[in-house]
Amino acid sequence: MEAHEEKPIIYTMENKPIVTCAGDQSLFTSLYTSLAQQLPRESMEWRRSYGRAPKMIHLEANFVQFKEELLPKDGNRALLTFPFLHIYWTDCCDTEMYKASVKDDMLRWQSTLRLHGSVDWLIVVVESEAKKKNKTNILPRTSIVDKIRNDFCNKQSDRCVVLSDPLKESSRSQDSWSAFLTKLRTLLLMSFTKNLGRFEDDMRTLREKRTEPGWSFCDYFMVQEELAFVFEMLQQFEDALVQYDELDALFTQYVLNFGAGDGANWLGSFCTPVKRWSGLLLRRPIDMEKRELIQRGEASLLDLRSYLFSRQCTLLIFLQRPWEVTQRALELLHNCVQELRLLEVYVVQGALDCWVFLSCLEVLHRIEGCCDRAQLEANCSHTVGLWTYATEKLKSLGYLCGLVAEKVPTSEDLNRTVDLLAGLGEERPETVNSLQSPYKKLNEALSSVEAFEKHYLVSAMKKGDPERAEGFLDDSLRSYVAEGWSLQVTHTRKQMAECQKLLQQTEDYLQTSALLAGDANLTVEERKHFCQEILTFASQPPTVALSMAAFAQLRQMQFSPPGAVVHVGAALQLELRVRCLMPVAMQVEQLAATLHFSLEQGGARGRAGSAQRRAGHGPQGQGDGVVLFPQGSPLAGAGMGASLLPALELYEMQDRSPSDSSLTSTGVVCKNMHLLLRRHDSSASLDTPTAGALPAAVAVDDGAQMLRARDITLQPGDNSILFTAPVQPGSYTLRQLCGSVGRVQFVQSHIYPVVQYEVYSQEPQLTIEPLSDNLLAGIPQKVTFTIATGHYSVKKGDALQLSNTDSMPILHSSCCSATVLSSTGGQHLWRALSIQSSEKVTSISLPPTPPYHTLEFQLEVLCHIPPTPFKPDIERLTNGEVRHRPKNHSHADSGMINIDQKVSIDCPWSIYSTLIALTFYVPFKARHSILSAGKRKYIQVCLQNVSDTNFHLADPVLTERQPTVSMELLSLNVKTQQPVCSQQSVFCLWEMRWAKPLPLCLHCAFSASFAPVSASDTHTAFKPYRYEFQLDRAEISPPSGDQHCRTGALCGLEVSITRQAEPSETEGEEEESTEIEGLRTTKLMYEVVDNSSNWAVCGKSSGVVSMPVAASATHRVQMEVMPLFAGHLPFPNIKVFKYLPHNAVPAIQPDTDSCLENDTISLLDKGLDDQGDTASIRSRGSVHSVGSGEQQRGLPMPRLEPFSPGQVFYWSQGRQVLVLPVTDDHVMEVNVT
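Residues numbered from 1 in each chain as written. Predicted model: local features only at pLDDT ≥ 70, side-chain atom pairs only at ≥ 80, totals over all residues. Heavy atoms only, no water.

Asks: Describe the pairing of strand 23 (residues 781-788), naming the residues involved and giving the relevant values.
Replies: Across a regular strand the side chains alternate sides, sitting on one face of the sheet and then on the other. Most of strand 23 is tucked away: seven of the eight residues are buried. Note: strand 21 (residues 765-770) against strand 23, six bridges, orientation antiparallel. Opposite Thr-767, over in strand 23, you have Thr-786 as the bridge partner. Pairing of strand 23 with strand 29 (residues 854-861), which is carried by eight bridges, proceeds in the antiparallel orientation. Bridged to Val-783 within strand 29 is Leu-859. (Buried < 20%, exposed > 50% of the residue type's maximum accessible area, 1.4 Å probe, protein only. Helix = DSSP H or I, 4+ residues; strand = E, 2+ residues; numbered from the N terminus. Pairing = 2+ DSSP bridges.)

Asks: Explain helix 16 (residues 438-445) to me, and be specific about the residues and the numbers.
Replies: Taken residue by residue, helix 16 has Pro-438, Leu-442 and Ala-445 as its buried positions. Down the axis of helix 16, the buried set is contained in an arc of 65 degrees. They therefore lie on one face. (Arc of directions from axis to C-beta.)

Asks: Give me the lowdown on the pattern of salt bridges, citing residues and values where you can.
Replies: A complete count under the given rule lists 38 salt bridges for this structure. The partner of Arg-311 in a salt bridge is Glu-232, and the shortest N-O contact between them spans 2.4 Å. Separated by 79 residues along the polypeptide, Arg-311 in helix 10 (residues 301-318) and Glu-232 in helix 7 (residues 217-233) bring together distant segments of the chain. Of the two residues, Arg-311 and Glu-232, both sit in the buried class. Here Glu-533 makes a salt bridge to Lys-501, at a shortest N to O gap of 3.7 Å. One end of the pair, Glu-533, is in helix 22 (residues 524-538); the other, Lys-501, is in helix 20 (residues 486-502), with 32 residues separating them in the sequence. Relative accessible area serves as the criterion here: at 47%, Lys-501 is assigned to the partly exposed category. (Salt bridge = Lys/Arg side-chain N within 4 Å of Asp/Glu carboxyl O.)

Asks: Can you break down the packing of helix 9 (residues 288-296) against helix 10 residue by residue, with the values?
Replies: Packed helices, taken two at a time, are described by the angle their axes make and the gap between the axes. Where helix 9 meets helix 10, the closest approach of the two axes is 9 Å, and the angle between their N-to-C directions is 125 degrees. The orientation of helix 9 with respect to helix 10, classified from their angle, is oblique. Crossing of helix 9 against helix 10: the hand is left-handed. Residues Lys-290, Arg-291, Leu-293 and Ile-294 of helix 9 lie in contact with helix 10, whose contacting residues are Asp-303, Leu-304, Ser-306 and Tyr-307. Among the residues making up the contact of helix 9 with helix 10, the classes are represented as four nonpolar, one polar and three charged. (Axes fitted to C-alpha atoms, helices over the stretch in contact; angles between N-to-C directions. Parallel < 35°, antiparallel > 145°, perpendicular 65-115°, else oblique. Left-handed = near helix turned anticlockwise from the far one by under 90°. Contact = heavy atoms within 4.5 Å. Nonpolar A, V, L, I, M, F, W, Y, C, P; charged D, E, K, R; others polar.)

Asks: I'd like a description of the sheet that holds strand 44 (residues 1045-1046), backed by residues and values.
Replies: Taking strand neighbours across the sheet as the criterion, the three strands line up as 44-54-51 in an open arrangement whose pairing is mixed. Strands at the two margins of the open sheet, each flanked by one partner only, are strand 44 and strand 51 (1127-1130). Both strand 51 and strand 54 (residues 1216-1220) contribute to a ladder of four bridges, which runs antiparallel. From the neighbouring strand, Gly-1127 faces strand 54, where its bridge partner is Val-1219.

Spelled out as structure tokens, the structure:
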């Protein structure tokens, strides 16, 4: 507690209300940290008198040990040293101890408080369960508290609070601690409000006595500042600022009254001569040195004003209103000068100029340190006055000290300079380490003539040294341009023009004259004078290159056509709109735009599209071929924005694979890096008219490709200039713009944003696209042939030769029409087409079409639907290429099977055939099933319309594709024709009747006719649809000697697998076959699955068999099953998969042959038809999963692939077998609920 025994530091930013602590100091020390941290956490509503609005404040306190000398004496008005609350701490729980010592100590404490009139006190009794346990003769828990309240708190029982185990985390302790903090905040705020109100009343009484003799402003200043300190201590900065503003207004009124002849006696202390003029000090929250001078009544007028403004500045910064400081500072400086004159205060000549100069720089530096760039620019109107005032005072000091005269300073001037520097005193510690402090700047400026000329540039002109003045003016001009002072820029450029003309710097003078001729801050006559200077020099050699920014502003450029992409032979025009800044009409002999030519040319529209994006859709593009130039660019600013860096020119760079044109990498490249990374201090470009010296002249190369416009008259304001672009293939970028006025060339060396256009030479292209979203197989469909002629001219007699295929014939009439469109899409011509067809080739005679036109016509094609599953045939195209019939695929989104058809086309512009693929979708999806009713069997075919088109379905027929008919199929379908809507299904049913045993495999074919509902003639529009399938069967035989199967008895299951057709070439590539003794075989995997749990498969339930690659090849597998229930049970399900071994040779060869089953199969294919079946396979002990130990030992893992829908049919699906129970006890079980 040593730190708490010291007196609190007065007049600092960390002042807090004082609370004294008496009693058990060790007890308070243990609670001090928690108390100091948690007291200000919750805010309190502070209600003040005189109708002032309430405020929410956070109370903090400075807890110190109780001492009698801390109590206020009579007449002491200091609030910062006033103890607002007194707390007595005790944890006494023993009656004897209370009577012996604690009670007497409390009596002495209260007697001392009463003696000094302190009525704000609180007694805190801390109860601890641990301490009570150590006492044996204690009374009930409230006895000590009751005694204290009876002895000291008869009428104020709330002044004694109980704090229960404050260091514990229990809920009782937390509630007690929270109640104590609330009581402490309430009492502290009540005491604070009461004493603050009393202090304000005393302060008003003191202010009302200001007309009495002996009243001192300095004494009253200290009293009201005490109130300001209190508000600042509570972070009520606005109220604190009001106190200083009132003091400022009161003092100003007395000074004005003094000037009117009504002076106060106390003003005499402020009329003493000024001995120090060190300027404002704003880097300290409180200038204690000047405050002590005010307290002793020894402060001068400048001391009082400096201290008062420093406190106002500190509070304004706390209120985040730093721009108000600059506004008040300018008023303060002017008012101080007037007040010194009114009070007739003696000031050494030049001392007031030093004080104003130092004060201006001090305010500016202080504001720059607490404001960002945006705030400074937004409030530049306040800072400009300070800079101007400081410049005037520095100029006055220069004349006073002989630093501006043509002769060297005299001894009198030197003595005056020494006196002025002596009055500055020593430099303040806050700025000793700063190289740009106001103190150092003033000392340096007054130290020598050369140093003063560096700080004040006009003196060089006065002394007749234009060369040195031009350098100083150039530095000043750069600063003005960077900060945006347009009037100062204009004034400085006029002075630079005088220096350059005297120095005969022709190029620099012409550049500055051009800037002044286009400067709107000058009068029209002055602008015409500088424009005439340019015209005078334009008729004389040599050639001079100047910046275009001073001559004209580029507004926009518009392309015609808007895409800025044309083919060879077409016309491309560029309309350039510029704003001439000259005050009179200027005759321009030639306006030329230099082009950067690139041999890159894209024959496709993709290249053209990218150029269109650059021309009309860039950062400043409007999308209609117009490129806008921003006003902040180097060309548009006439000097004000010329010092800014050019914007980034970023382009996307893509690297594609030469084999399949796939994107391998992408990046961003900057094309104007040389402008962004150049040095800006060593030299200035033509786009920087702010510089005084320009580089050597830049001549435009007449041999380069460029756009030219000759003999143009540019009127003041907006002008339009038309250019015609060259037509050679390539990409063109505008790099430079140059306007020639006699021998003077106005050059813009960089144009932003980038302006590009492209002239392309395109190869002929042929595309075939469907009219609808999906081409449907089986019905006629229209496709559009589009020929982009490119540079090729279609002549009379040119024709397209299309190869005919049986699977997709071309339907056409003898004559049809074609449309010819121009490259712009605005011209439409209708031409007739002649089409001739033979067995192998369809010839389409094309009409004559000019280059860079588009020829479009439509034809009908019909893709036949192959039977399901179909067998591709090998055909040979007309160009000799071997071609396979397309393979059908499943469309994932709609469920439709798609068929890829390829058309070989011979074009007249190429010696090679063009191969174009068309995708057709089968509109139907068929499936079949076997149904049973007792011993009667039925075949049901479900035909689902998976397309978005509605059809009519007619004549459904089911036939048997066997050499000898083995059964009769009786149709149960009533309607011969019915509609099939989109995403709807139609079911057809036939009953199977047979007289002799059926074969193990039965081939069936379903056929029907369909036509779109929208067809005009449905009789001719009907097209066939065919669906083929086969039926295999499995037999279950009872044990030998029994006629029927019985539950619990093993029965024989024979599985017969028959290959109906040889695999196609594409399927043969997918399936790996082996050849043993001249017999080629492929491997299949079978699996017996019983999802209904009617059968138990005994032994092996799956295996791998080798099937010969031949039609009607059959493989049989014998296994044992056990029925689990009696009744007519369905046959178990049998699944068959393609078994595709791994390409690598297995480390351990599997023990299989043509009829051998293999149990150790790992299922790697996740795309099986039924995931539930896969799970059932993996659950068996004989089958290993992917993570099994066999795989870890290095076995190559095979994979399984399911057959396509319709390729495998389970003949025994729907069949049932009669299973009898083992015994028949004729017991009926009845459950009654």
